[in-house]
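Tertiary structure, described
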Amino acid sequence: MSGFIPLWPDAASAHAGQVDLLVIAFTVLMVALTAPVFILIVVFAVRYRRGKAADRSHPVNRNVWLEVSWAAIPFLLTLIFFVWAAWLYFDLHRPPANAMEIDVVAKRWMWKFQHPEGQREIDDLHVPAGQPVKLTMTSEDVIHSLFVPALRVKQDVLPGRYTTLWFNADRPGSYPLECTQFCGTDHSLMRGRLVVMAGQDYASWLAGTQGGDTLAAEGKALFRSLGCSGCHDAGATVHAPRLEGLFGRPVPLQDGSIVTADEQYIRDSILEPNSQVAAGYPPIMPTFRNVVDEGGVQQLVAYIKSLGPQPGSPPP
């Protein structure tokens, strides 16, 4: 907790400092706009408590500029804060291209994290200080919400969808993370830690932590065990879309629309293959909804993302 104000969480990132500054400045503005009203109420109640006869012989003095100013000035001041807050919001949803990607699966009542090097964690998340980190999150059951007070960031984690959140924690330390959506009987116990480590300490932690295959390597093995290569490999006899270089490309659909092959499109193509059928291909792919769980879907998505275009091959 902050030593300056009790119950105020420490700020572990530049974004957290900007949010604090926004909140403090807006609070000062609200006090400046409302304090004169309450002060004058007290002054008038004391000064004119006895009352007196009113002289209504003089004409009403209407100062138009005064009446316009006490509406326009507060509006312009609050509009500045709206633009400031909108800038922080949009910046929070534009992760840098060099962000380290970590996959997150929420499940009652735990957080499961997987690092790009293959390390897995439950409820604890270790990240390097000063390195942008992008979380790609989904839920296995109900709606959860990942909240890290020290970073001033929160994002809902939804079943059937991928949501993202990015941050750059620049202050080493251990900070609480928690779920802020009521998700069942043990919702209050769905807590964890964000451990921000200096670069060398994080490298030592990676070296000393048992890591398995990367998510993409696990996805490749799952891809072949499910028989997906029988249709999607270059030498397959079945007429199915090629997956090399697919991620991030526009995909024309049979209904004439065009979508971008992002994580959500790939996930839907695995679990609901007939919802968005690629143009020129028959709708013959079976669903894998009851075959793979959310962890398996993330592995397959990571594998397809890792497939670069083959040399000399046309765009998918």
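Residues numbered from 1 in each chain as written. Predicted model: local features only at pLDDT ≥ 70, side-chain atom pairs only at ≥ 80, totals over all residues. Heavy atoms only, no water.

Examining the overall build of the chain
A count of helices and strands for the chain gives 7 helices and 12 strands. Taken over the C-alpha trace, the chain has a radius of gyration of 28 Å; the compact-globule value for 316 residues is 20 Å, which it surpasses by more than 25%. Principal-axis analysis of the C-alpha atoms gives the chain an extent of 100 × 50 × 40 Å. Within the chain, the proportion of its 316 residues that are buried is 36%. Partitioning the intrachain contacts of the chain with sequence separation of at least 6 by distance along the chain shows that 65% fall at a separation of at least 24. As displayed, the chain has an accessible area near 18500 Å², and 62% of this comes from carbon and sulfur atoms. Side-chain charges of the chain comprise 25 positive and 29 negative groups, with the mean position of each set lying 11 Å from the other. (Helix = DSSP H or I, 4+ residues; strand = E, 2+ residues; numbered from the N terminus. Rg over C-alpha atoms; globule rule 2.2 N^0.38 Å. Buried < 20%, exposed > 50% of the residue type's maximum accessible area, 1.4 Å probe, protein only. Contact = heavy atoms within 4.5 Å. Areas by Shrake-Rupley, 256 points an atom, 1.4 Å probe, with all protein chains shown as cover. Lys, Arg positive; Asp, Glu negative; His and termini not counted. Charge placed at Lys NZ, Arg CZ, Asp CG, Glu CD.)

Things to note about the sheet that holds strand β10 (residues 191-197)
What the 5 strands build is an open sheet, ordered β4-β10-β9-β6-β7; its pairing is mixed. The open sheet has two edge strands, β4 (124-128) and β7 (153-157), and neither has a second partner. Across the sheet, the axes of successive neighbouring strands diverge by a mean angle of 20°, strand direction being ignored. Where strand β6 (residues 144-148) and strand β9 (residues 173-179) come together, 2 bridges link them in antiparallel fashion. Looking at the pairing, Leu 146 lines up with Cys 179 of β9. (Pairing = 2+ DSSP bridges. Axes fitted to C-alpha atoms, helices over the stretch in contact; angles between N-to-C directions.)

Here's the deal with the packing of helix α6 (residues 263-271) against helix α7 (residues 294-306)
Look at α6 against α7: their axes get within 10 Å of each other, and the N-to-C directions meet at 120°. If you check the angle between α6 and α7, you find them oblique. For α6 against α7, the interelement crossing comes out right-handed. Within the contact between the two elements, α6 uses Glu 263, Ile 266, Arg 267, Ile 270 and Leu 271 and α7 uses Glu 294, Val 297, Leu 300, Val 301, Ile 304 and Lys 305. Among the residues forming the contact of α6 with α7, the class breakdown is 7 nonpolar, no polar and 4 charged. (Parallel < 35°, antiparallel > 145°, perpendicular 65-115°, else oblique. Left-handed = near helix turned anticlockwise from the far one by under 90°. Nonpolar A, V, L, I, M, F, W, Y, C, P; charged D, E, K, R; others polar.)

Comments concerning the layout of surface pockets
Computed from the structure, the largest pocket encloses a volume of approximately 790 Å³. Along the wall of the largest pocket there are 37 residues; nearest its centre are His 232, Ala 240, Pro 241, Leu 243 and Met 285. Listed by contribution, the elements that provide at least two residues to the lining of the largest pocket are α5 (229-232), β11 (250-252), α6 and α7. For the lining of the largest pocket, the leading source of residues is α6, giving 4 residues. Here the lining of the largest pocket is built from residues that sort into 29 nonpolar, 6 polar and 2 charged. The volume enclosed by the second largest pocket comes to roughly 320 Å³. For the lining of the second largest pocket, the secondary-structure elements that each account for two or more residues are β1 (100-107), α4 (215-225) and α7. No other element matches the 4 residues that α7 contributes to the lining of the second largest pocket. Residue composition of the lining of the second largest pocket, grouped by class: 6 nonpolar, 5 polar and 4 charged. (1 Å grid on protein atoms, 1.4 Å probe; cavity = no way out; pocket = protein on both sides within 12 Å on 5 of 7 lines; lining within 4 Å. Points joined across faces, edges and corners; volume = space filled by probe spheres on them.)

A few points about the environment of Leu 151
Tracing the chain through its elements places Leu 151 in the loop between β6 and β7. Along the sequence, Leu 151 and Leu 165 sit 14 residues apart, while their C-alpha atoms lie 11 Å from each other.

By themselves, these observations are geometric and do not establish any function.
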